Amino acid sequence: MDTKALRQKILDLAIRGKLVPQDPNDEPASVLLERIREQKQQMVKEGKLKKKDIKNDSLIFVGEDSLHYEKFQDGSVKCIEGEIPFDVPEGWAWERLSNIAIFSGGKTPPTSRLEYWGGNVLWVTSKDMKSKYITSSQLRLSTLGAEQMRLYQPDTLLLVTRSGILRHTLPVSILKEHATINQDLKAIVLHMPQLSEYVYVCLKGMETQLLLKYTKSGTTVESINFDEFQKVLLPIAPLQEVSRIVMAIYKAEHIVSSIEDDKVELLKYVEKAKAKILDLAIRGQLVPQNLNDEPASVLLEHIRTEKEKLIKQGKIKRDKKESFIFKGEDNSYYLNDGQMPVGINDDLPFDIPDSWRWTRLKDIFIINPRNKLDDALDVSFIPMPLIDDGYSGKHTAEVRHWKEVKTGFTHFAEGDIGIAKITPCFENRKSTVFENLVNGYGAGTTELHVLRPLGKSIFAQYLLAYVKSDYFIENGKQTFTGAVGQQRIGKEYVENAYFPLPPVKEQERIVQQISDVFEYLNTISEALS
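Notes on the structure follow.

**A closer look at the overall build of the protein chain**
Counting its secondary structure elements, the protein chain contains 15 helices and 28 strands. Dimensions of the protein chain along its principal axes, counting C-alpha atoms only, are 105 × 55 × 45 Å. For the protein chain, the residues scored as buried account for 47% of the 529 residues in total. Look at the contacts in the protein chain between residues 6 or more apart in sequence, and 73% of them connect residues 24 or more apart. On the protein chain, the mean spot of the 70 positive side-chain charges and the mean spot of the 74 negative ones are 5 Å from each other.

**Re the pairing of strand β10 (residues 172-175)**
Every regular strand shows the same layout, with side chains that alternate between the two sheet faces. What you see with β10 is no split at all: V172 and I174 on one side and S173 and L175 on the other are buried throughout. Looking at chain direction, strand β7 (residues 133-134) and β10 are connected through two bridges and run parallel. Bridging across to β10, Y133 finds its partner in I174. Bridge count for strand β9 (residues 157-160) against β10 is three bridges, and the pairing is antiparallel. Considered in β10, the bridge of L159 is made with V172.

**Describing the pairing of strand β15 (residues 233-236)**
Burial along β15 is two-sided: L233 and P235 and L234 and I236, pointing in opposite directions, are all buried. As defined by bridge partners, strand β4 (residues 93-96) adjoins β15 across four bridges and the pair is classed as antiparallel. Along β15, the bridge assignment pairs E95 with L234.

**Digging into unusual backbone geometry**
Cis geometry is found at the peptide bond from T423 to P424, where omega equals 0°. Note that P424 resides in the loop between β24 (417-420) and β25 (431-433). Even without a glycine there, the phi angle at R429 is positive, about 65°. Topologically, R429 is positioned in the loop between β24 and β25. Taking relative accessible area as the criterion, R429 reaches 13% and is therefore assigned buried.

**Here we look at the nonpolar core**
Core analysis: the largest hydrophobic core is formed by 60 residues, its most contacted members being L361, F365, L463, Y466, F472, F499 and I514. Not counting chain neighbours up to four residues away, the residues in contact with L361 comprise I367, L451, L463, Y466, F472, V494, E495, A497 and F499. Within the second largest apolar cluster, 52 residues are counted, among which are L11, L33, W92 and I245.

**Digging into a nonpolar patch on the surface**
A cluster of nonpolar side chains, contributed by L59, F61 and V77, occupies part of the molecular surface with about 220 Å² of accessible area. The topology assignment puts L59 in strand β1 (residues 58-62). Relative accessible area serves as the criterion here: at 31%, L59 is assigned to the partly exposed category.

**Thoughts on the sheet that holds β10**
Spatial strand order, β5-β12-β9-β10-β7: five strands in an open sheet with mixed pairing. Sheet topology places β5 (101-104) and β7 at the edges, where each strand pairs with a single neighbour.

**Notes on the environment of S137**
As for its placement among the helices and strands, S137 is situated in the loop between β7 and β8 (139-141). Separated by 42 residues in the primary sequence, S137 and A179 place their C-alpha atoms 9.0 Å from one another. Non-local contacts of S137, meaning those with residues more than four positions away in its chain, are made with L122, W123, V124 and D128. One polar contact links the side chain of S137 to the main-chain amide nitrogen of W123, over a distance of 3.2 Å. One polar contact links the side chain of S137 to the main-chain carbonyl oxygen of L139, over a distance of 2.6 Å.

**Remarks on helix α8 (residues 239-282)**
Relative to the 64 Å expected for 44 residues at 1.5 Å per residue, α8 spans 65 Å between its end C-alpha atoms, a close match to the ideal helical length. In the stretch just after α8, G284 is the one whose phi turns positive, near 80°.

**Regarding the pattern of salt bridges**
Counted under the stated rule, the structure contains 32 salt bridges. Here D155 makes a salt bridge to K176, at a shortest N to O gap of 3.3 Å. You can see D155 sitting in the loop between α4 (143-146) and β9 and its partner K176 sitting in the loop between β10 and β11 (179-181), a full 21 residues away along the chain. A residue is classified by how much of its surface remains accessible, and D155, at 27% relative accessible area, is partly exposed. In this structure, K477 and E474 form a salt bridge, with 3.4 Å as the shortest nitrogen-oxygen distance. One end of the pair is K477 and the other is E474, both in helix α13 (residues 470-477) and three residues apart, which spans about a single turn. The class of K477 is partly exposed, set by a relative accessible area of 32%.

**Overview of the sheet that holds β8**
Here three strands make up an open sheet; going across it, the order is β8-β6-β11 and the pairing mixed. Each having just a single partner strand, β8 and β11 make up the two edges of the open sheet. With direction set aside, neighbouring strand axes in the sheet form an average angle of 70°. Pairing of strand β6 (residues 117-124) with β8 involves four bridges; the strand directions are antiparallel. Across the sheet, V121 pairs through a bridge with L141, a residue of β8.

**Some details on the side chain of H395**
Structurally, H395 can be placed in the loop between β21 (378-382) and β22 (398-401). With a relative accessible area of 18%, H395 lands in the buried category. Within polar-contact distance, the side chain of H395 engages the backbone oxygen of V433 at 3.5 Å. In terms of polar contacts, H395 uses its side chain to reach the backbone amide nitrogen of E435, at 3.2 Å. What H395 contacts, discounting residues up to four positions off in sequence, is I382, L386, I387, T432, V433, F434, E435 and L437.

So, how was this worked out
Residues numbered from 1 in each chain as written. Predicted model: local features only at pLDDT ≥ 70, side-chain atom pairs only at ≥ 80, totals over all residues. Heavy atoms only, no water. Helix = DSSP H or I, 4+ residues; strand = E, 2+ residues; numbered from the N terminus. Buried < 20%, exposed > 50% of the residue type's maximum accessible area, 1.4 Å probe, protein only. Contact = heavy atoms within 4.5 Å. Lys, Arg positive; Asp, Glu negative; His and termini not counted. Charge placed at Lys NZ, Arg CZ, Asp CG, Glu CD. Pairing = 2+ DSSP bridges. Core = buried A, V, L, I, M, F, W, Y, C linked by side-chain atoms within 4.5 Å. Patch = residues over 30% accessible without salt bridge, like charges linked within 9 Å, V, L, I, M, F, W, Y side chains within 5 Å. Areas by Shrake-Rupley, 256 points an atom, 1.4 Å probe, with all protein chains shown as cover. Salt bridge = Lys/Arg side-chain N within 4 Å of Asp/Glu carboxyl O. Polar contact = N/O pair within 3.5 Å; in protein donor to acceptor, adjacent residues only side chain to side chain. Expected span 1.5 Å × (residues − 1). Axes fitted to C-alpha atoms, helices over the stretch in contact; angles between N-to-C directions.

These figures come from the coordinates and say nothing about function on their own.
Pasting the structure below:
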């Protein structure tokens with residue numbers, strides 16, 4: 001469910017008089033507006049307003065022809081039916097914002113005057129305008145600093161009038177504390193503060209239309225043409241209905257927020273399900289074993305043969321600490337490192353099927369290979385931001401000449417697997433199978449360990465499932481070295497990690513099953529998002 005669209009629909013119904021039923025006993029909005037006009041006249045008499053503050057006031061009424069008209073201070077009358085955006089119920093009225101509010105701005109006190117800053121008085125900027133209610137600000141003024149400013153009362157509406165966010169959002173908030181503001185905001189001080197919640201609803205309900213009509217692009221950021229904005233027409237409901245509308249929206253918001261909380265929890269469950277799928281996959285519990293599959297022990301012999309072939313061809317060097325894992329006659333696993341075999345059953349993290357074998361990554365992959373290519377060759381270039389985190393395993397790429405990237409970057413080729421080695425990228429599962437590389441080769445961020453399969457007997461996507469598993473991630477975190485924020489897994493962890501190797505045919509079934517289940521889980525995530 002699109003909760004953002006749902007919220008907007010609730011506001012739209014509210015300002016059209018369709019959210020709560022009308023009551024014929026309610027005092028009509030025209031009486032409320034007349035009361036505001038009388039209040040303003042009294043404020044002029046008391047010196048709280050100047051005559052110039054009300055010189056542009058107007059009176060909107062419906063003529064005998066059922067059309068809307070506006071009467072100005074000079075006695076002239078103009079038909080404004082073309083400005084009325086939609087019909088409203090009987091008892092409602094249209095009114096300009098400027099007729100029910102006064103407007104003011106703010107500024108930034110000199111930052112060189114340290115005595116103006118660091119106190120308890122809110123100084124609100126566009127960075128603080130991220131919620132309906134303003135109760136705090138990132139920066140605050142001292143009492144001395146606040147004396148240089150206008151202090152606004154609670155229930156004042158604040159509007160961002162200059163910010164890049166105006167490309168798509170109209171930030172409006174209601175003050176709940178006394179506060180000052182900077183020059184990028186306007187304060188809307190209502191003559192009847194109890195209307196602040198309702199006027200907020202009107203402005204947010206008409207957000208899209210207001211942005212289209214009143215936003216103008218500057219050389220750096222967008223801004224609101226506030227001289228015109230303050231003349232916006234608002235649909236005013238009877239005061240009693242205003243209270244019912246505000247309460248209905250409050251209740252609806254509670255329900256929508258609950259839906260969002262449920263969505264967040266469901267998305268967490270989806271992520272947990274993916275982790276569980278990978279855990280089952282590397283334990284041999286995701287798909288059934290097939291007795292007709294060639295066992296992983298034979299696969300290991302093929303890999304060793306391929307490795308010897310590459311050593312003889314000079315393409316790779318023999319590991320001076322070469323070792324292999326084998327299963328003894330007692331059905332236990334041993335590590336042979338050229339000396340006396342050592343039992344490793346206690347080191348292995350979990351049981352695997354009989355047709356599988358434990359091995360170490362360095363025994364069946366080339367770790368951090370290097371490419372030898374023509375300098376003029378176009379290749380893919382993949383910095384860390386182009387590798388997705390999470391479980392997708394996707395990446396994008398740029399195109400570079402090999403000469404530009406062969407030095408100072410990690411090398412890889414088509415079908416290699418890249419694993420982020422630095423925090424937090426490692427924990428965030430930034431790992432991928434390099435595919436669709438330009439001319440089959442690439443280079444990228446130095447914060448990767450790259451694994452290249454020996455031969456074609458290991459499915460890259462199965463290894464990807466392994467390196468994204470909780471087992472691999474959590475064990476890797478225990479080996480972190482370096483300062484906090486710049487910690488890494490070393491090459492030794494990757495080389496010596498115990499890898500549960502299935503038969504080739506089973507690898508294929510596992511990869512397909514992961515793909516099918518993840519596709520279903522992604523459909524759920526997309527629907528929730």
